[in-house]
Amino acid sequence: MFDTVLADTARDTAFSVVQNPRPTPPDERARLIENPGFGRVFTDNMAVIRYSDAKGWHDARITPRAAFQIDPASAVLHYAQEIFEGMKAYRAPDGHPLLFRPDANARRFVQSADRMAMVPLPEPLFLEAVRRLVDIERDWIPNVDGGALYLRPFQVASEVFLGVKPATEYIFAVIACSVGAYFKGDAGAVSLWVSEDYTRAAPGGTGAAKCGGNYAASLIAQAEATRRGFDQVLFLDALERCWIEELGGMNIFFVFDDGSLSTPPLTGTILPGITRDSLITLARAQGLTVREEPYAIDQCRRDAESGRLVEAFACGTAAVVTPIGRMAAKSYDFTIGSGGPGQTTQRLRQVLIDLQSGRSADPNGWVHHLK
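Residues numbered from 1 in each chain as written. Predicted model: local features only at pLDDT ≥ 70, side-chain atom pairs only at ≥ 80, totals over all residues. Heavy atoms only, no water.

**Q** Give me unusual backbone geometry: which residues, what numbers.
**A** A positive phi angle, close to 55 degrees, is found at A117, a residue other than glycine. Within the secondary structure, A117 sits in the loop between α4 (102–115) and α5 (123–136). We note that V320 has phi near 65 degrees; this positive angle belongs to a residue other than glycine. Inspection of the secondary structure assignment puts V320 in strand β17 (residues 320–329). Overall, the relative accessible area of 11% leaves V320 in the buried class. (Helix = DSSP H or I, 4+ residues; strand = E, 2+ residues; numbered from the N terminus. Buried < 20%, exposed > 50% of the residue type's maximum accessible area, 1.4 Å probe, protein only.)

**Q** Residues and numbers for the pattern of salt bridges, please.
**A** Using the criterion set out here, one finds 18 salt bridges in the structure. For the salt bridge of R29 with D139, the shortest nitrogen-to-oxygen distance reads 3.9 Å. A residue pair is termed long-range when its members are at least 10 positions apart, and R29 in helix α2 (residues 26–34) and D139 in the loop between α5 and β8 (148–157) qualify at 110 residues. By relative accessible area, R29 is classed as buried at 16%. We note a salt bridge from E85 to R108, for which the minimum N-O separation is 2.7 Å. Separated by 23 residues along the polypeptide, E85 in the loop between β5 (82–84) and β6 (87–91) and R108 in helix α4 bring together distant segments of the chain. The exposure class of R108 is buried, given its relative accessible area of 5%. (Salt bridge = Lys/Arg side-chain N within 4 Å of Asp/Glu carboxyl O.)

**Q** Which residues make up α4, and what values go with them?
**A** With 14 residues, α4 ought to run about 20 Å at 1.5 Å a step, and its terminal C-alpha atoms sit 20 Å apart, in line with that. Count one or two residues on from α4 and you reach A117, which has phi positive near 55 degrees. (Expected span 1.5 Å × (residues − 1).)

**Q** Before we move on, can you summarise the environment of G205 with the specific residues and values?
**A** When you line up the elements, G205 lands in the loop between β10 (190–194) and α6 (212–227). Put simply, G205 and W193 are 12 residues apart on the chain and 23 Å apart in space, counted from C-alpha to C-alpha.

**Q** Which residues make up the side chain of R138, and what values go with them?
**A** Within the secondary structure, R138 is located in the loop between α5 and β8. Look at R138 and you get buried, because its relative accessible area is 17%. At a separation of 3.0 Å, a polar atom in the side chain of R138 contacts the main-chain carbonyl oxygen of K371. Among all residues touching R138, those that are not within four sequence positions of it are R91, H96, P97, L370 and K371. (Polar contact = N/O pair within 3.5 Å; in protein donor to acceptor, adjacent residues only side chain to side chain. Contact = heavy atoms within 4.5 Å.)

**Q** Could you give me a rundown of the nonpolar core, with the residues and numbers involved?
**A** Grouped together as the largest cluster of nonpolar side chains are 42 residues, with contacts concentrated most on I49, W57, F126, L151 and F172. Elements supplying a minimum of two residues to this core: β3 (45–52), β4 (56–64), β6, α4, α5, β8 and β9 (169–179). Considering every element that reaches this core, the biggest residue donor is α5, with 7 residues. Discounting chain neighbours no more than four positions away, the residues touching F126 are E85, M87, P102, N105, A106, F109, L121, P153 and F172. With 27 residues, the next largest nonpolar core counts Y90, L288, V290 and F313 among its residues. (Core = buried A, V, L, I, M, F, W, Y, C linked by side-chain atoms within 4.5 Å.)

**Q** Break down the pairing of β8 for me, citing the residues and quoting the values.
**A** Of all 10 residues that make up β8, 9 are buried, and the element is covered over most of its length. Of the pairings in the sheet, the one linking β5 to β8 comprises 3 bridges and is antiparallel in character. Pairing of I83 across the sheet is with Q155, part of β8. Two strands pair when backbone bridges link them, and β6 and β8 are joined in this way by 3 bridges, in the antiparallel orientation. In the strand pairing of β8, A89 is matched with L149. (Pairing = 2+ DSSP bridges.)

**Q** Explain the packing of α4 against α5 to me, and be specific about the residues and the numbers.
**A** In the contact formed by α4 and α5, the axes pass within 9 Å of each other and the chain directions differ by 130 degrees. On the basis of the axis angle, α4 is oblique to α5. Pair α4 / α5 crosses with right-handed handedness. Together, P102, D103, N105, A106, R107, F109 and V110 of α4 and E123, F126 and L127 of α5 make up the contact between the two elements. In terms of residue class, the contact of α4 with α5 is made up of 6 nonpolar, 1 polar and 3 charged. (Axes fitted to C-alpha atoms, helices over the stretch in contact; angles between N-to-C directions. Parallel < 35°, antiparallel > 145°, perpendicular 65-115°, else oblique. Left-handed = near helix turned anticlockwise from the far one by under 90°. Nonpolar A, V, L, I, M, F, W, Y, C, P; charged D, E, K, R; others polar.)

**Q** So what about the packing of aromatic side chains? Which residues, and what values?
**A** For the structure on display, the rule yields 16 aromatic pairs. Geometrically, the ring pair formed by Y79 and F161 is stacked, given 6.0 Å between the ring centres and 25 degrees between the ring planes. Of this pair, Y79 sits in helix α3 (residues 75–79) while F161 sits in the loop between β8 and β9, placing them 82 residues apart in sequence. Given the relative accessible area of 32%, Y79 is considered partly exposed. Considering the side-chain rings of F256 and Y295, the 5.7 Å spacing of their centres and the 80 degrees angle between planes classify their relative orientation as edge-to-face. A residue pair is termed long-range when its members are at least 10 positions apart, and F256 in strand β13 (residues 251–256) and Y295 in the loop between β15 (290–292) and α8 (297–306) qualify at 39 residues. The two residues F256 and Y295 agree in class, both being buried. Counting every residue linked through ring pairs, the aromatic cluster contains F38, Y150 and Y182. Positioned above the aromatic ring of F161 is the side chain of K165, whose terminal nitrogen or guanidinium carbon lies 4.3 Å from the ring centre. The side chain of R308 reaches across the aromatic face of F256, ending 4.4 Å from its centre. (Phe/Tyr/Trp six-rings, centres within 6.5 Å; stacked < 30°, edge-to-face > 60°. Lys NZ or Arg CZ within 6 Å of the ring centre and 35° of its normal.)

Below, the structure is given as structure tokens:
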């Protein structure tokens, strides 16, 4: 019954479109997206939909990008009821934009909302908001290596009250920014600091939801890694402090000398990454064995030292596939394989990028073209 109500709400919610009356001039836009970096160059417009118990999802619109005006007592500011997604629009060889597995993002957004006791946005509305914004902002997709339009759908609790309970009013929005490669320059293989003092998530917690609190909890550990000269932080499980889980914002894979791969299983403490899921499918399609199994940091160290572990890589929407060359903690420091990008890592990365950019066949129906 609830699913039917959501579907009816999606059908009954019409978008109004009022684009920015003073858009960025084409020559200025071209200058901005020539070398956009990551997360700094925002487009002219955004999508917004509101929710209240009285009206349901309503007031869906494309509007000029502008600051929100919210009350100081808005629930999100005090109780952190908020979720978000990360996804990209790419430029296909024919010049039109395309989206990679947007339905998976919409599905995960609902799952995150359920975990955070938020009213879920119907998947059709999520997809419509994303598609409309990409269609309008298609000229912001950079023609640079790794260039894309990064999309940030998010939902925040906007009800004005002080009291610990699920909110009854929400704002959903999608903003977009032009991006290049996530890591500056030729990153090669990144180094990981294994956090022994901090954990990202615990059983029964919000580790599998894409909510800001998970990332906020990772920042102090990431700051420690940066101070020690490492690129990223690697988290272990909260109970035994021995099982590898994920980085602050990426999943992790390991490649062994027999050609097989493994990645930590989704037990509720790890974000179910869409890039992770895609790589599992693509690797198996190439005849590779992929195991979803626990992997202890001590075993990882032994396997690296013996030569059994030959490659490792992190993956996520922002950085796509990133080789890992080194791991360290207070009592150890070891290199994985040659310490640089491995052949399997590079091959899977290229297969994924070719698929995302529309340069290869799409047997799974993952690529959604916008004309």
